Amino acid sequence: MTYLSKSPWLLHYNASSCNGCDIEILACLTPMYDVERFGIINTGNPKHADIFVVTGSINEENKDVLVNLYEQIPDPKVVVAIGICAASGGVFRECYNVMGGIDKLIPVDVYVPGCAARPESIIDGIVKSLGILEEKRTAMVKGIPVKPEMNTAVREAGTE
Ligand code: SF4
């Protein structure tokens, strides 16, 4: 562990999810699944977060919010896409108002499959992201850039 290490806090954003995956995320925070044993706390402030957990797909209404939240989270950070909607648009990907998965706008580190994603899978994804976060912290200490390029073309193109 590097000197930058601390308990990882997560920010959860519902980007047009049906709430199915969100209920499973909340289940992870309950004593039954208890992600707090890893020191993880669900914060409402992006400036306090290390892990950006996103459900649902992107559309014209939420794309700027998603990018805004991502940019407010300090580096190093990791993004976890929960469920197939966040990965690709899922069952809604052919809808007129759905632009696709969140990686069309922000870089994703871990994809958690499922519809809805199960709590065990979500915890696996979060734990995997902790390893990636640690790698990014180590790289940052060495002066290696950790922030990939954002896909501004899709953001600007919209759904038209
Ligand atoms: S992946 Fe399934 S459960 Fe999760 S937000 Fe999409 S439709 Fe809902």
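That block above? That's the structure.
Given the structure is predicted, the values throughout are model-derived calculations rather than measurements.

Enquirer: Now, about the environment of Leu69: what can you tell me, with residues and values included?
Expert: Along the chain, Leu69 falls in helix 2 (residues 63–72). Given 18 C-beta atoms within a 10 Å radius, Leu69 is considered partly exposed. For the pair Leu69 and Phe52, spaced 17 residues apart in the sequence, the C-alpha separation amounts to 8.6 Å.

Enquirer: Got a sec to walk through the site of the ligand? Specific residues and values, please.
Expert: Neighbouring the ligand are 13 residues; Gly20, Gly83, Cys85, Cys115 and Ala116 lie closest to it. The leading source of residues in the shell around the ligand is helix 3 (residues 83–88), at three residues. Taken together, the residues of the shell around the ligand break down into seven nonpolar, six polar and no charged.

Enquirer: Before we move on, can you summarise unusual backbone geometry with the specific residues and values?
Expert: The linkage connecting Asp75 with the following residue, Pro76, adopts the cis geometry, with an omega of -5°. Along the chain, Pro76 turns up in the loop between helix 2 and strand 4 (78–82). The amide bond that connects Cys115 to the next residue, Ala116, takes the cis arrangement and shows omega of -5°. Mapping Ala116 onto the fold places it in the loop between strand 5 (110–112) and helix 4 (119–141). The backbone of Asn19 sits at a positive phi, close to 90°, despite the residue not being glycine. In this structure, Asn19 sits in the loop between strand 1 (9–14) and helix 1 (20–29). You will see that Asp34, though not glycine, has its phi angle at about 55°, which is positive. Relative to the helices and strands, Asp34 is located in the loop between helix 1 and strand 2 (41–42).

Conventions used here
Residues numbered from 1 in each chain as written. Predicted model: local features only at pLDDT ≥ 70, side-chain atom pairs only at ≥ 80, totals over all residues. Helix = DSSP H or I, 4+ residues; strand = E, 2+ residues; numbered from the N terminus. Buried ≥ 20, exposed ≤ 12 C-beta atoms within 10 Å, placed from the backbone. Near = placed C-beta within 6 Å. Nonpolar A, V, L, I, M, F, W, Y, C, P; charged D, E, K, R; others polar.

Read these as layout, nothing more, since geometry by itself doesn't imply function.
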